[in-house]
Amino acid sequence: FDEFGRVNLSHKELSGTWEENAANFKVGETVSGIIRSVESYGIFVELAPNLSGLAEYTDAVKEGDYAGIYIKSIIPDKMKFKLIIVDSFQAKYKKEKPKYFIKDNHIDYFRYSPEGAQKIIETVF
């Protein structure tokens, strides 16, 4: 509850855990993604609504670009994807309906982090 007694909700919990999202990807695959942030140390690429990875820096992309991404490694205990940007382009695609992993009517607890992860990300309702 916030200071006015309102409940704030997000789609984060419904969009699945790190493991549920990561299960859709394999090392050595080339997949599509969206450039979400360009930093001096690397580029954050959204692979799924609840999953991002870090690619090596290049000045050839900008936020909002779509990209072909090669998955170099997946590190579950650190919840990290190491990526290589193969190509990038600008496009306007129709938004897809979100895929929800949780279909229950009630959630008491949600843990995003996989077992054995160095960092625990969880929500207690």
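Structure report, in brief. (Residues numbered from 1 in each chain as written. Predicted model: local features only at pLDDT ≥ 70, side-chain atom pairs only at ≥ 80, totals over all residues. Heavy atoms only, no water.)

Quick notes on the overall build of the protein chain
Stated precisely, the cut-off is as follows: Here a helix means four or more residues in a row that DSSP labels H or I, a strand means two or more in a row labelled E, and each is numbered from the N terminus. When a residue's accessible area, from a 1.4 Å probe over protein chains only, is under 20% of the maximum for its type it is buried; when over 50% it is exposed; and in between it is partly exposed. When charges are counted, Lys and Arg are positive and Asp and Glu negative, with His and the chain ends excluded. All charge positions are set by atom: Lys at NZ, Arg at CZ, Asp at CG, Glu at CD.
The helix and strand tally for the protein chain stands at 1 helix and 7 strands. Starting at the N terminus, the α and β elements of the protein chain follow one another as α-β-β-β-β-β-β-β. Projected onto its principal axes, the C-alpha coordinates of the protein chain cover approximately 45 × 35 × 25 Å. The buried share of the protein chain, taken over its 125 residues, is 34%. Of the side-chain charges in the protein chain, 17 are positive and 19 negative, and the distance between the mean point of each set is 3 Å.

Digging into the pairing of strand 3 (residues 51-55)
The two faces of the sheet receive side chains in turn, since in a regular strand these alternate between them. Rule in force here: When DSSP finds two or more bridges between a pair of strands, those strands are recorded as paired.
In strand 3, alternate side chains face the same way, and those of Leu51, Gly53 and Ala55 are buried while those of Ser52 and Leu54 on the opposite face are not. Hairpin connection from strand 2 (residues 42-48) to strand 3: 2 residues lie between these consecutive antiparallel strands. Relative to strand 5 (residues 80-89), strand 3 runs parallel, the two sharing 2 bridges. Note on strand 5: the bridge partner recorded for Leu54 is Lys82.

Quick notes on the sheet that holds strand 3
Formally: Where helices are involved, their axes are fitted lines through C-alpha atoms of the stretch in contact, as for all axes, and angles between N-to-C directions lie from 0 to 180°.
Overall, mixed pairing links the 5 strands, which are arranged 1-2-3-5-4 in a closed barrel. Going across the sheet, the axis of each strand differs from the next one's by a mean of 50 degrees, ignoring polarity. Pairing geometry for strand 1 (residues 30-39) and strand 2, over 5 bridges, is antiparallel. Bridge pairing in strand 2 links Ser37 to Phe44.

Here's the deal with the environment of Glu29
This is how the line gets drawn: Throughout, a residue-residue contact means that at least one pair of heavy atoms, one from each residue, lies within 4.5 Å. Think of a polar contact as two N or O atoms within 3.5 Å of one another; within protein, one of them needs to be a possible hydrogen donor and the other a possible acceptor, and neighboring residues in sequence only count if both atoms come from side chains.
Within the secondary structure, Glu29 is located in the loop between helix 1 (18-22) and strand 1. For Glu29, a relative accessible area of 30% puts it in the partly exposed group. Sequence-wise, Glu29 and Ser73 are 44 residues apart; in three dimensions their C-alpha atoms are separated by 9.9 Å. Here Glu29 is in contact with Asn24, Ile69, Tyr70 and Ile71, once residues within four sequence places are set aside. A polar atom in the side chain of Glu29 sits 2.7 Å from the backbone nitrogen of Lys26.

A closer look at the packing of aromatic side chains
Put simply, the test is: Classification of ring pairs rests on two measures: the distance between centres of Phe, Tyr or Trp rings, Trp counted by its six-membered ring, which must be within 6.5 Å, and the angle between planes, read as stacked under 30 degrees, edge-to-face over 60 and tilted in between.
Inspection of every chain in the model, using the stated rule, returns 4 aromatic pairs. Look at Tyr41 and Phe44: their rings are 6.1 Å apart centre to centre, the planes differ by 80 degrees, and that puts the pair in the edge-to-face class. Judged by relative accessible area, Tyr41 falls into the exposed class, the value being 53%. Ring geometry for Tyr66 versus Phe89: centroids 6.1 Å apart, planes at 20 degrees, classification stacked. Here the residue Tyr66 occupies a position in strand 4 (residues 66-75), and Phe89 occupies one in strand 5, the gap between them amounting to 23 residues. One aromatic cluster is present, built from ring pairs that chain together Trp18, Phe25 and Phe81.

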